[in-house]
Every structure is written in structure tokens, then in C-alpha cells.
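Structure assessment
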Amino acid sequence: RLLSVLRRRCDIAGKRLSGPGLAAEGRVLRAVLYAYHSKLLRHRPYLALQQVEQCLKRLWKMNLVGCLETLVELIPKKNTSEAHAECLVPSQPMLETVALKVLGGCKLILRLLDCCCKAFLLSVKHLCSKEFILLNTVASGLLSRLWFVIQYRCVLQTLTSLYGALSTMLHLVSETQQMPYIKGFTFPSDISDFLGVNISSEAKKQKAKMLTTKKSTSWMKTLFPVMPEAVSKVGKKRKTETCTSAMKTRSIPCPMDIGETVV
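Residues numbered from 1 in each chain as written. Predicted model: local features only at pLDDT ≥ 70, side-chain atom pairs only at ≥ 80, totals over all residues. Heavy atoms only, no water.

**A short note on the overall build of the protein**
Keep this limit in mind: What counts as a helix is a DSSP run of H or I of at least four residues, what counts as a strand is a run of E of at least two, and both are numbered from the N terminus. Partly exposed describes any residue whose relative accessible area lies between the buried limit of under 20% and the exposed limit of over 50%, with all areas from a 1.4 Å probe on protein chains only and scaled to the type maximum. Any pair of residues with heavy atoms lying within 4.5 Å of one another is described as a contacting pair.
Across its full length, the protein carries eleven helices and zero strands. In the protein, the succession of α and β elements from N to C terminus is α-α-α-α-α-α-α-α-α-α-α. The buried share of the protein, reckoned over its 263 residues, is 37%. For the protein, restricting intrachain contacts to residue pairs at least 6 apart in sequence, the fraction spanning at least 24 positions comes to 84%.

Structure representation (C-alpha cells):
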């Protein structure tokens, strides 16, 4: 029963880590950093984006997905129904290696979420200052999507539940045959003690901070002030007349530069 639970949780964690969302956001982040590398070397939101990319790079380089796939291959697919039947189980060194990688992956994802939150707040702050509007708009959308992908797909929660199954299996295997591989480190029985934070409360705190900042600054209203209703109606009427005449003459008039305020 424990082996089937461990197999199922390894499969779920592997699928959520190797999903298209994280990979796509990572590619967009690298493209944005490459495009602005020569222009914004000392810009604070750019430096915060670099920290986010560094966390993602370390998460991929630790090859947690490949390690979980190797562990799944070592777990027998069929459970024996007899009470005292022998059963093949992964060795203690293999379980210790996977458990250590899961602990490191949880720490990295916590750091990634924290960096996303800080970089998002910096991007919104510089947007309100009307600095590098295009970069900060792209960065704020990218960071909020990345944060949402990790929280929505419950990546961190899946890894913590996986560690619970790993810890139980490791304890049983070590009781059967002592083969310690990682020395000088005691595996925690509860992963929340190792992480030092409550995952659900930390996520709610970060979400409230991001939403409160977005609501209080209202940077869209700062950049694009609301027009009076009379002026808005006149503008709509002029726009309709312009579009009609443009369709008739098959030419689009451009009376003013796009950077100027249109009344």
C-alpha cells in the first residue's frame, strides 16, 4: 500500500514539475532578460528578474523530475496480496537521495515565489514612476503568471506530500536493513519544520501583498487617466467618423504622433 502511494505521488509531482506552464514562463523570462541585457544592467526590476531566472535555472539543473522517474522505475507495479510475501523496494541510498532532492526543491520553490513577489512589487513601483513602461508591464504580467502557475498547480504542496510518503518508506527500509548513504544530516519527520514557514499562510500573505499593492497604486489610472464622459463621447464619435472615411478612401489618416495625448 505504501509503495503504491509513493508511486502515485511521484507521478503527480513529476507531471506538475514538467508541465508546459513552468517551461513556457521560463522561456519568456530568458527572452526578456536577453532583450534588455545591454540596456538595464543596473535597473532594480531587471536585477530582481535575474534572481527569479537563477532560481528557475537551479530548479531545472537539480534534475528532480529525472530522479523521480528513476525512483518510479524501481517500485514494483503490482502489490502482493499475501501478508508475509517478499517485495522488492528501493534501497535506502536511493530513498535518501530523492528525499534530499525533494527538500532542496521545496526550498528553491519557496525562494522562487519570494523572488517573484519582490520583483512584481518593484515592477509595479517603477511603472508608477513611468520608468521603462514596456519592460515593467511585461515583467509584472510574467511574474504574476509564474507565481500563479506554481500556486494553481500546487507544485509545492505536491512535493511536501511526496516527502511525507518518502519519509515513511525511508523509516521502514532503514529498520529492515541499515545502509545509510548521506551522513551528518538528519532527515526531518515534518517538512514544515525544515522549511520554517507554513506554506498555505505564506502563499496567502504573498497574494494579499501583491493584490493590495496593485489596488492601492492603481498604476493603470496613473498612466491612462479616465476621460470625462462628454469628451469620451466626442472622441468615440470622431473615431467612428474617421474609420468610416478611412474605409471609403482606403487610407488611414494619422493626424498626430502616437506618443501624444489623444483627447
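**Remarks on the pattern of salt bridges**
Operational definition: Each reported salt bridge corresponds to a side-chain nitrogen of Lys or Arg within 4 Å of a carboxyl oxygen of Asp or Glu.
This model, assessed by the stated rule, comprises four salt bridges. Among the salt bridges present, the one from K57 reaches E53, with a minimum N-O distance of 3.9 Å. Of this pair, K57 and E53 both sit in helix α3 (residues 44-61), four residues apart, which is roughly one turn of that helix. Take K57: its relative accessible area is 42%, and that puts it in the partly exposed class. Residue E53 is classed as buried on the basis of its relative accessible area of 17%. Salt bridges here are not isolated pairs; linked through shared partners, they connect R111, D114 and K118.

**So, unusual backbone geometry**
Notably, N63 is not glycine yet its phi reads approximately 55°, a positive angle. Turning to its location among the elements, N63 is positioned in the loop between α3 and α4 (64-74). By relative accessible area, which is 44% here, N63 ends up partly exposed.

**Concerning the packing of helix α2 (residues 20-35) against helix α6 (residues 133-152)**
For the record, the criterion: Note on method: axes are straight lines fitted to C-alpha atoms, helices fitted across the in-contact stretch only, with angles between N-to-C directions ranging 0 to 180 degrees. In what follows, roughly perpendicular refers to angles from 65 to 115 degrees, roughly parallel to angles under 35, roughly antiparallel to angles over 145, and oblique to any angle outside these ranges. Take the far helix as your reference; a near helix turned counterclockwise from it by less than a right angle gives a left-handed crossing, and one turned clockwise gives a right-handed crossing. When residues are grouped by polarity, Ala, Val, Leu, Ile, Met, Phe, Trp, Tyr, Cys and Pro land in nonpolar, Asp, Glu, Lys and Arg in charged, and all others, Gly among them, in polar.
Look at α2 against α6: their axes get within 10 Å of each other, and the N-to-C directions meet at 160°. In terms of orientation, α2 lies roughly antiparallel with respect to α6. The hand of the α2/α6 crossing is left-handed. When α2 is examined against α6, the residues G21, L22, E25, V28, L29 and V32 are found in contact with a partner set consisting of L135, V138, L142, R145, L146, V149 and I150. Along the lines of polarity and charge, the residues of the contact of α2 with α6 split into ten nonpolar, one polar and two charged.

**Regarding the confidence of the model for the protein**
Short version of the rule: Residue-level confidence of the predictor, termed pLDDT, takes values from 0 up to 100.
On average, residues of the protein carry a pLDDT of 76, and 75% of them reach 70 or more. At the level of individual helices and strands, the protein shows its lowest average pLDDT in helix α11 (residues 229-249), which scores 52, and its highest in α4, which scores 89. The low-confidence segment residues 246-259, where pLDDT is below 50, has six contacts with residues more than four positions distant or belonging to other chains.

**Some points on the side chain of T160**
Quick note on the threshold: Identification of polar contacts relies on pairs of N or O atoms within 3.5 Å, with a donor-acceptor requirement for protein atoms, meaning one able to donate a hydrogen and the other able to accept it, and with residues adjacent in sequence counted only if both atoms are side-chain atoms.
Relative to the elements of secondary structure, T160 occurs in helix α7 (residues 155-176). Relative accessible area serves as the criterion here: at 17%, T160 is assigned to the buried category. For T160, the side chain forms a polar contact with the main-chain oxygen of Q157, separated by 2.6 Å.

**Focus: the packing of α3 against α6**
Interhelical geometry of α3 versus α6 gives an angle of 30° and a closest axis separation of 11 Å. In terms of orientation, α3 and α6 fall into the roughly parallel class. Crossing hand, α3 versus α6: left-handed. Residues P45, L49, V52 and L56 of α3 touch α6, and the partners they reach there are N136, A139, L143 and L146.

**Looking at the nonpolar core**
For clarity, the threshold we go by: To define a nonpolar core, start from buried Ala, Val, Leu, Ile, Met, Phe, Trp, Tyr and Cys residues and group those joined through side-chain atoms within 4.5 Å.
Core analysis: the largest hydrophobic core is formed by 69 residues, its most contacted members being L6, V52, V102, I109, L159, L162 and L166. Breaking this core down by element, the ones donating at least two residues are α1 (2-17), α2, α3, α4, α5 (92-128), α6, α7 and α8 (191-195). Of the residues forming this core, the biggest block, 19 residues, is contributed by α5.

**Examining α1**
Put simply, the rule is: Given a helix with a known number of residues, its expected span is that number minus one, times 1.5 Å.
Relative to the 22 Å expected for 16 residues at 1.5 Å per residue, α1 spans 22 Å between its end C-alpha atoms, a close match to the ideal helical length. Here α1 has its buried residues at L3, V5, L6, R7, C10, A13, G14 and L17. Contacts from the buried residues of α1 go to α2, α3, α4, α5 and α7.

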